[in-house]
Amino acid sequence: MRILKWKTRRVIFVGLLLLLLFLGIVFRYRRNFPHFEPWNCTNSGEPERMSNAKRNDTRIILFYTSWFGLKPWPHFASSELNLSHSNCPEKKCKITYNVYDIGKSDLVIFHAPDMGSRGYVSHRELQQIQTYRCPSQRMAFFSQESAQAEPVNNIVIPDGFFNWTITFKTDSDFYFPYGSYARLSSAENPPPLIDYAASKSKFVIWAVSNCGHIREQYVKKLLNYISVDIYGKCSYIYGQDNQCLKSRNCEDIFKPYKFTFAFENGVCTDYISEKFWTALQRNLVPVVLAKDYYSVDAVPPASFISVQDFPSVKALAEYLLYLDKNDTAYNEYFSWRQKFVSRRNFNFEACKVCDALHDGRLKPKVYYDMFKKFWSEDVDCKKREETLLRLIDKE
């Protein structure tokens, strides 16, 4: 009987502890939740507190969320946008990171990864904004991560909340790829012809620190046919322990290699990350998982190898071995450098964003069913993933 009473008391005690923990979480959530006062809008749809900004021709851009937990955002530390490009109109935009400036902001930018898995923005917070916002205010969805890697599915975002998109997808309102390329100007001389194979003594390198994606399955099968030097936090999965010591220049590790796997963590529409562009900068031939969106509109022609061009994993391995022994064929993957130059992109086109905010003819568009149509793992990634799985299963 005493044992039964003791067990009952223990259950009650544990239950009370869990209840207190839950209430503590709720209290902390409510305490940290930004509470806004409704901001006034004039009959014309403009916030009254924005009138001064209109008169002196300045638009205010609020970076509402952090950038992977950081404020200010990298490359946007100043309150003034860098609009010094020669082709940028003489128009002014200011930056703020104070969420309580939302009532006087023309544009409010949300970094998707800091809304979703990191949980820095709540549904109630967004509902407040949706309720108080003025018709002229734009809400922008910003992301350079794929819908598969950073799904925004753990909070409820009001339908019709976003007006603009700033992403790597070509159908975004403001296209922001990780890199780009351009034709050499007439004033620039083509670089001298180089035997890129001459200075390289190693075969394939793969640097990977984000484990648990479909690319792992492809590499595991590929290792049956060729050797790959794998660096990063995921190297242990393949029985390797290659490290870049703090005392070394890690860029030097890549120099002796001919190929690198620029395998993304998701095969999603238009998702070509820095892995591809840094490979070009390092004079490596990138091997990629997709093909359809690696078009000449996005990347230099004949600059990469796609696994989709081969009927099996083994066929790709045989082709890489062939190139390793044929310097002429290998060097063909650098012929694009005679006409073009590649570059990394670090800032979105702030000039175009600011220009759009000054364009009184533009009416705010509205994204309905955005996370079923524009930003969806099912729409953007699943079919390509299924195609890749079929390729892995082939002998």
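Here, every reference points to the structure presented above.
Residues numbered from 1 in each chain as written. Predicted model: local features only at pLDDT ≥ 70, side-chain atom pairs only at ≥ 80, totals over all residues. Heavy atoms only, no water.

S.K.: Describe the overall build of the protein, naming the residues involved and giving the relevant values.
M.R.: Regarding its fold elements, the protein presents 12 helices and 13 strands. The proportion of buried residues among the 395 residues of the protein is 48%. Long-range contacts, defined here as pairs at least 24 residues apart, represent 76% of the contacts in the protein between residues at least 6 apart. Summed over its atoms, the accessible surface of the protein is roughly 21200 Å², and 53% of this surface lies on carbon and sulfur atoms. (Helix = DSSP H or I, 4+ residues; strand = E, 2+ residues; numbered from the N terminus. Buried < 20%, exposed > 50% of the residue type's maximum accessible area, 1.4 Å probe, protein only. Contact = heavy atoms within 4.5 Å. Areas by Shrake-Rupley, 256 points an atom, 1.4 Å probe, with all protein chains shown as cover.)

S.K.: With reference to specific residues and values, describe the state of the cysteines.
M.R.: Across all of its chains, the model carries 4 disulfides by this definition. Covalently, Cys93 is tied to Cys354 through a disulfide, its sulfur atoms 2.1 Å apart. Classification of the bridge connecting Cys93 and Cys354 rests on its S-S torsion, roughly 100°, and on that basis the disulfide is right-handed. Of the two residues, Cys93 sits in strand β2 (residues 92-96) while Cys354 sits in helix α9 (residues 350-358), which places them 261 residues apart along the sequence. As far as burial versus exposure is concerned, Cys93 and Cys354 are alike and both buried. (Disulfide = S-S within 2.5 Å.)

S.K.: Tell me about empty space enclosed by the protein, and name the residues and values.
M.R.: For the structure on display, the rule yields 1 cavity of 30 Å³ or more. Computed from the structure, the largest cavity encloses a volume of approximately 70 Å³. Along the lines of polarity and charge, the residues of the lining of the largest cavity split into 8 nonpolar, 2 polar and 1 charged. (1 Å grid on protein atoms, 1.4 Å probe; cavity = no way out; pocket = protein on both sides within 12 Å on 5 of 7 lines; lining within 4 Å. Points joined across faces, edges and corners; volume = space filled by probe spheres on them. Nonpolar A, V, L, I, M, F, W, Y, C, P; charged D, E, K, R; others polar.)

S.K.: Can you break down the packing of aromatic side chains residue by residue, with the values?
M.R.: Here the distance between the centres and the angle between the planes together describe a pair of aromatic rings. Considering all chains together, one arrives at 41 aromatic pairs under this definition. With centroids separated by 5.5 Å and ring planes inclined at 65°, the aromatic side chains of Phe36 and Tyr100 adopt a geometry described as edge-to-face. Of the two residues, Phe36 sits in the loop between α1 (2-32) and α2 (51-55) while Tyr100 sits in the loop between β2 and β3 (107-111), which places them 64 residues apart along the sequence. The class of Phe36 is buried, set by a relative accessible area of 6%. Each ring, one from Trp67 and one from Phe68, has its centre 5.5 Å from the other, and the planes form 90°; the classification is edge-to-face. (Phe/Tyr/Trp six-rings, centres within 6.5 Å; stacked < 30°, edge-to-face > 60°.)

S.K.: Outline the sheet that holds strand β11 (residues 285-288), supporting the account with residue identities and numerical values.
M.R.: What the 5 strands build is an open sheet, ordered β9-β8-β10-β11-β12; its pairing is parallel. If you trace the sheet from one side to the other, it starts and ends with β9 (229-231) and β12 (305-306), each paired once. Pairing between strand β8 (residues 202-207) and β9: 3 bridges, direction parallel. Opposite Ile205, over in β9, you have Asp229 as the bridge partner. (Pairing = 2+ DSSP bridges.)

S.K.: An account of the layout of surface pockets is requested, with residue identities and associated values reported.
M.R.: Taken as a whole, the largest pocket encloses approximately 430 Å³ of empty space. What lines the largest pocket is a set of 20 residues, among which Ala207, Val208, Ser209, Glu274 and Lys275 lie closest to the centre. Across the lining of the largest pocket, the residue classes break down as 10 nonpolar, 5 polar and 5 charged.

S.K.: Could you give an account of the nonpolar core, with specific residues and numbers?
M.R.: Ranked by internal contacts, the top residues of the largest apolar core, which has 46 residues, are Tyr64, Phe110, Phe162, Phe276 and Tyr294. With 3 residues, the top contributor of residues to this core is helix α6 (residues 274-281). Counting residues in hydrophobic clusters, the runner-up holds 38 residues, among them Ile214, Val219, Phe263 and Leu391. (Core = buried A, V, L, I, M, F, W, Y, C linked by side-chain atoms within 4.5 Å.)

S.K.: Residues and numbers for the sheet that holds strand β5 (residues 164-167), please.
M.R.: Spatial ordering of the open sheet is given by β2-β1-β3-β4-β5-β6, a layout of 6 strands whose pairing is parallel. Two strands bound the open sheet, and with one partner strand each, they are β2 and β6 (174-175).

S.K.: How would you summarise the pattern of salt bridges if you had to cite specific residues and measurements?
M.R.: Across all of its chains, the model carries 11 salt bridges by this definition. Note that Asp252 and Lys255 form a salt bridge whose closest N and O atoms lie 3.2 Å from each other. For Asp252, a relative accessible area of 36% gives the class partly exposed. Across the salt bridge formed by Arg384 and Asp292, the nearest N and O atoms sit 2.8 Å from each other. Of this pair, Arg384 sits in helix α12 (residues 382-393) while Asp292 is found in the loop between β11 and β12, placing the two residues 92 residues apart along the sequence. A residue is classified by how much of its surface remains accessible, and Asp292, at 51% relative accessible area, is exposed. (Salt bridge = Lys/Arg side-chain N within 4 Å of Asp/Glu carboxyl O.)

S.K.: Explain the packing of helix α4 (residues 214-222) against helix α7 (residues 313-325) to me, and be specific about the residues and the numbers.
M.R.: Following both chains from N to C, one finds α4 and α7 inclined at 65°, their axes separated by 9 Å at the closest point. Considering how the two elements wind past one another, α4 and α7 form a crossing that is right-handed. Residues Tyr218, Lys221 and Leu222 of α4 form the contact with α7, whose participating residues are Val313, Leu316 and Ala317. (Axes fitted to C-alpha atoms, helices over the stretch in contact; angles between N-to-C directions. Left-handed = near helix turned anticlockwise from the far one by under 90°.)

S.K.: If you had to explain the side chain of Ser235 to someone new, which residues and values would you point to?
M.R.: Looking at the secondary structure, you find Ser235 in the loop between β9 and α5 (251-254). Owing to a relative accessible area of 2%, Ser235 belongs among the buried residues under this scheme.

S.K.: Give a detailed account of the environment of Ser342, specifying residues and quantitative values.
M.R.: The residue Ser342 is located in strand β13 (residues 340-344) in this model. For Ser342, a relative accessible area of 16% translates into the label buried. Residues Ser342 and Ser180 lie 162 residues apart in sequence; the distance between their C-alpha atoms is 5.8 Å.

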